Amino acid sequence: MDKMFERLQTMEKRLVWIDKMLENPNFLADIEQVKKISKERSQIEKVVEKYREYLDTEKNIEELTQLANDDDEDMAILAKEQLKGFEKTKDILLEEIRLELIPKDPNDAKNVIVEIRGAAGGDEGNIFAGDLFRMYTRYAESKNWQIQILDSSEADLGGFSLISFSIKGDSVYSKLKFESGAHRVQRVPRTESQGRIHTSTATVIVMPEADDIDIHISPDELQIDFFRSSGAGGQHVNKTDSAVRITHIPTGTVVTCQDGRSQHDNKATAMMMLKTKVLDAREKAAELERSVERKSKIGTGERSEKIRTYNYPQNRVTDHRIGLSVQQLDRIINGMLDPIINALIDEEQKERLANNGY
């Protein structure tokens, strides 16, 4: 506990110093420094405010404790009643402060790129990939996030063999980062005439969108090809070489984009996709270097890792990483993902609290 309060005191002093700098005309002349320090301020402001509220609450508790022993019986009774409320507030604030002090994932505030592929199960796997895309689309709409399709290959019987899309909004990665992995569906496929239940899978990968400051890719490392689009985007896409394929030669990473309305749009989008994929691969490699065996209960986020089962006959969704089962498949597949996502976030917070000794 002492360690935690030492950290809080340091953060409060830092916030006071930052506010003083932001009033200094000489300091304000350096735009980059202002951006950097303003970002730091936004990261510590909330926890410092809670810490100050906690200190005020402790002061009130100290004063009321004295009044509770007052010779004036009515005053003592009133003080004891108020004391209960402040003690409860203190406990709540302490828990909130602990959560605020958990080391944040540096990618939590970022937008994401999502790839969904039909996997085992042939046509049914592709159909299920389409169901997952619709699920994430509806979830994004409920959060007022923006979705843009980047690349897609529609399957003959519905759904997608591949669909890639971006989601932009407030802290998207913090909510969707647990979705990477193999999603399994158990149901009677529309292609099944005997009414037998089949098991199929689709894979999902969620990557935080790369910023220019995150990664630099030299033009010498790229092979860029243009070809005729076969997707949506207007009649003109079938008459011009507007689709773009970019290969990152050092890693062999390939991205394509054909859903934009011009070659320029597709090239810009493809570059953003490429940077995101290359950065994601680098971060995973670095993490594996640090720990050959990742022990997180929530999982590694690898495509091959089975993370969730959608059982249609029993209207049940099971997240295997935290052993959570809910009888709400009909709601979840229509975008009401919060019960599962919030449970995963809670589990991550418990792990981080334990690891940081708070």
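Calculation notes
Residues numbered from 1 in each chain as written. Predicted model: local features only at pLDDT ≥ 70, side-chain atom pairs only at ≥ 80, totals over all residues. Heavy atoms only, no water. Pairing = 2+ DSSP bridges. Helix = DSSP H or I, 4+ residues; strand = E, 2+ residues; numbered from the N terminus. Axes fitted to C-alpha atoms, helices over the stretch in contact; angles between N-to-C directions. Expected span 1.5 Å × (residues − 1). Contact = heavy atoms within 4.5 Å. Polar contact = N/O pair within 3.5 Å; in protein donor to acceptor, adjacent residues only side chain to side chain. Buried < 20%, exposed > 50% of the residue type's maximum accessible area, 1.4 Å probe, protein only.

### Focus: the pairing of strand β2 (residues 146-154)
In this structure, β2 lies alongside strand β3 (residues 160-168), joined through eight bridges in antiparallel fashion. By the bridge assignment, Q148 is partnered in β3 with S166. Between β2 and β3, which follow one another and run antiparallel, lie five residues, and G158 among them has a positive phi close to 115°.

### Considering the sheet that holds β2
Strand order across the open sheet formed by eight strands is β2-β3-β1-β5-β4-β9-β10-β11, with mixed pairing between neighbours. Looking at strand neighbours, the two that pair on one side only are β2 and β11 (324-326), the edges of this open sheet. Direction aside, the axes of adjacent strands within the sheet are offset by 15° on average.

### What to know about the sheet that holds strand β6 (residues 222-227)
The strand order across the open sheet formed by three strands is β6-β7-β8, and the pairing between neighbours is antiparallel. A strand with exactly one partner marks an edge of an open sheet, and here the two such strands are β6 and β8 (253-257). Direction aside, the axes of adjacent strands within the sheet are offset by 15° on average. When β6 meets strand β7 (residues 243-248), the two strands line up antiparallel, connected through six bridges. Looking at β7, one finds that F227 is bridged to A243.

### So, helix α4 (residues 73-101)
The first and last C-alpha atoms of α4 sit 42 Å apart over 29 residues, in line with the 42 Å expected at 1.5 Å per residue. In this structure, the buried side of α4 is in contact with α1 (2-21), α3 (31-67) and α9 (338-355). In this structure D72 caps α4, since a side-chain oxygen of it lies 3.1 Å from the backbone nitrogen of D74.

### Some thoughts on unusual backbone geometry
Positioned with a positive phi, N144 is a non-glycine residue whose angle comes to about 60°. Note on placement: N144 falls in the loop between α5 (123-142) and β2. The phi torsion at N315 lies on the positive side, around 50°, for a residue other than glycine. Its location among the elements puts N315 in the loop between β9 (306-311) and β10 (316-319). The class of N315 is partly exposed, set by a relative accessible area of 26%.

### As for the environment of I97
By the secondary structure assignment, I97 is in helix α4. Separated by 49 residues in sequence, I97 and V48 place their C-alpha atoms 8.7 Å apart. Aside from chain neighbours lying at most four places away, what touches I97 is M4, L8, V47, K50, Y51 and Y54.

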